[in-house]
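Chain by chain, the residues:
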There are 2 protein chains.
Amino acid sequence: MPHLAFPNSCDGFRCETHCSVRSLAICGQLNESEHQEFERLAQHVRFGPKEALFSEDEMVDSVYSLTEGIARLYKLLPDGRRQIIGFALPGDFLGMAPSNRYSFSADAIGPLTVCKFFRGPFMRFIENRPQMLMRMNEFATRELGLAQDQMLLLGRRSAEEKVAAFLVGWRERLARLEGMTKTVTLPMGRQDIADFLGLTIETVSRTFTKLEREKLIVIVPDGVRVLDSKRFDALAAA
Amino acid sequence: MPHLAFPNSCDGFRCETHCSVRSLAICGQLNESEHQEFERLAQHVRFGPKEALFSEDEMVDSVYSLTEGIARLYKLLPDGRRQIIGFALPGDFLGMAPSNRYSFSADAIGPLTVCKFFRGPFMRFIENRPQMLMRMNEFATRELGLAQDQMLLLGRRSAEEKVAAFLVGWRERLARLEGMTKTVTLPMGRQDIADFLGLTIETVSRTFTKLEREKLIVIVPDGVRVLDSKRFDALAAA
DNA sequence: CGCCTGGTTGACTAATGTCAAATTGGGTGG
DNA sequence: CCACCCAATTTGACATTAGTCAACCAGGCG
């Protein structure tokens, strides 16, 4: 079952105390009384595998702070071609859009829980709290930086470089949550990786195999083990 | 000389009154007294063609609001491959980065002028002004939306679709400034377009020629004239 | 007048995509 | 516990798109 193992800390409607990613999340700098007020706006909602949080072009009614699990964020072309624009991890904030409609779709990869906020109350909460607005800015700027890295990857890297850079980047993001490990868990399937890297599933599969033949990685269930970090980082940076 | 023609409104050190893109810029919602205070933080700086505003990995000391001209924003791989991540137009805001270093390079395409702010004073100005912070958020969210569209383009569109989508998108951005026109001016060269679309200059050139043969556009000096908007938009959306 | 830069065109190559078949591994029911 | 099924992945053979390398062309400027 591919999902990150986090303690299931939020069973009920309100969970003021044990959110395991609070310090990483949008609400991470609120003091206790502010946080209680903020919590009153939140609904803790669970989603099952493949369930949609929201879809592109729907009216934006809510924003989300991811607390457990992983989401796939993507855009579709009319003929069905899909581009995954990112994977959201616990602590990530979703749902801000340049218009009144979501600019992409989001669905759960495995089981997932979020703090859901209706847009109106959320906006009213933040609009006179500069600290919160600064934090929103940090989040947006970080996302934008990731998006720019991804443009470089999509436009200018070879298939092998794409896969290597993806694994390195994914490992770093997991390290923020779980600490650095030799084994990189990959909760998403090969098709998701392909749609993230602008490749076909066959090319991704062949590239994994090639990296394994070259003794850079070992493919294990639900992930890969990185053998030669140095050579690997070099390939990813290249 | 490829550049957008805007009245040259800012000759001296301070220009409180005639910035032609003020309503579109980051400072567009400040009242007069706030705007005067804000202006005291600004330096109006000019750059010539190809001059660098800042480069990737330099320490961030300033942020910029573009007032005239066009800038090229890009990232490089160690071997020199380049990805243009965007073109900045008057009103655009540059220089926010997820770390203390710029995450991309920016240089002037033609002659260009900016309002330059040192980071510290700028941050102190905005940090207790929710309206300004909201505006920063809007800007960041809009940029993020454009970046996501570009990821879809880079990962999943064919060369012909890339070029068509680029022309349509560029025309829309110019329309915000100049109003909608049949002739789309292209101040950037073919190599810039190629590096923006993840193609080679030869492929871009061939694709322009192909679109002209198909009577969708006419190539004119410094731009193209769109003949069949409907068929063209369809190709770009595809 | 002719050079220089940027753009275009042509012939060929290489990387990645396409289509189809084979393999793996986990989960389920007997 | 085992056999089977299904979905995901891998592999192979071949097609296609875009890249590479090289030559050519056109306009602007000394």
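From a predicted model like this one, the values you see are computed outputs, not experimental measurements.

Criteria and thresholds
Residues numbered from 1 in each chain as written. Chains lettered and ligands numbered in written order. Predicted model: local features only at pLDDT ≥ 70, side-chain atom pairs only at ≥ 80, totals over all residues. Heavy atoms only, no water. Pairing = 2+ DSSP bridges. Helix = DSSP H or I, 4+ residues; strand = E, 2+ residues; numbered from the N terminus. Axes fitted to C-alpha atoms, helices over the stretch in contact; angles between N-to-C directions. Contact = heavy atoms within 4.5 Å. Least-squares fit on C-alpha atoms with pLDDT ≥ 70 in both. Buried < 20%, exposed > 50% of the residue type's maximum accessible area, 1.4 Å probe, protein only. Polar contact = N/O pair within 3.5 Å; in protein donor to acceptor, adjacent residues only side chain to side chain. pLDDT = per-residue confidence, 0-100. Domains from an automatic or database assignment. Buried area = accessible area lost by both parts, 1.4 Å probe. Salt bridge = Lys/Arg side-chain N within 4 Å of Asp/Glu carboxyl O. Nonpolar A, V, L, I, M, F, W, Y, C, P; charged D, E, K, R; others polar.

S.K.: How would you explain the sheet that holds strand E10 (residues 217-220) of chain A if you had to name every residue and give the values?
M.R.: Residues and elements named next belong to chain A. The 3 strands lie next to each other as E9-E11-E10, forming an open sheet whose pairing is antiparallel. Two strands in the sheet have a free side with no partner beyond their single neighbour: strand E9 (183-185) and E10. Between one strand and the next, the sheet's axes are offset by a mean angle of 25°, whatever the strand orientation. Pairing geometry for E10 and strand E11 (residues 223-226), over 4 bridges, is antiparallel. Directly across from Ile219, in E11, lies its bridge partner Val224. Packing of helix H4 (residues 159-178) onto the sheet brings it into contact with E9 and E11, and relative to E9 it is tilted by some 85°.

S.K.: Go over the relation of the copies chain A and chain B with me, naming the residues and quoting the values.
M.R.: Each copy superposes on the other: chain A lies on chain B with an RMSD of 0.0 Å after a rotation of 180° and an axial shift of 0.0 Å. Between the two chains, the operation in question is that of a two-fold axis.

S.K.: I'd love a proper account of the environment of Val220 of chain A, names of residues and values included.
M.R.: All names here are of chain A. With respect to the helices and strands, Val220 occurs in strand E10. Through-space distance from the C-alpha of Val220 to that of Gln43 is 37 Å; in sequence the pair is 177 residues apart. Discounting residues that sit within four places of it in the chain, Val220 has contacts with Thr183 and Arg225.

S.K.: Explain the side chain of Arg72 of chain A to me, using residue names and the numbers behind them.
M.R.: All names here are of chain A. Turning to its location among the elements, Arg72 is positioned in strand E4 (residues 71-76). Of the residues examined, Arg72 reaches a relative accessible area of 11% and is grouped as buried. Side chain to side chain, Arg72 and Asp192 meet in a polar contact 3.2 Å long.

S.K.: How would you summarise the confidence of the model for chain A if you had to cite specific residues and measurements?
M.R.: Per-chain confidence: chain A averages 92 in pLDDT, with 92% of residues scoring 70 or above. Counted against residues more than four places away or in other chains, residues 1-16 of chain A, with its pLDDT under 50, gives 40 contacts.

S.K.: I'd love a proper account of the domain arrangement of chain A, names of residues and values included.
M.R.: How big an interface is tends to be stated in terms of the accessible area lost upon association of its parts. Residue and element names in this part refer to chain A. Along its sequence, chain A is carved into domain 1 (22-153) and domain 2 (157-237). A separation of 25 Å is found between the C-alpha centroids of domain 1 and domain 2. Interface area, domain 1 with domain 2, both sides summed: about 1700 Å², of which 61% is carbon and sulfur. Of all residues in domain 1, Phe87, Leu89 and Leu153 bury the most surface against domain 2, accounting for 40% of the area lost on that side. In this structure, the connection of domain 1 to domain 2 is made through 4 salt bridges. For the pair domain 1 and domain 2, the number of links is 10 residue pairs in polar contact (both at pLDDT 80 or more). Contributions of two or more residues to the side of domain 1 that touches domain 2 are made by strand E5 (82-88) and helix H3 (130-156). Among the elements that take part in the side of domain 1 that touches domain 2, E5 stands out by supplying 7 residues, more than any other. Classifying every residue of the side of domain 1 that touches domain 2 by side-chain character gives 11 nonpolar, 3 polar and 4 charged.

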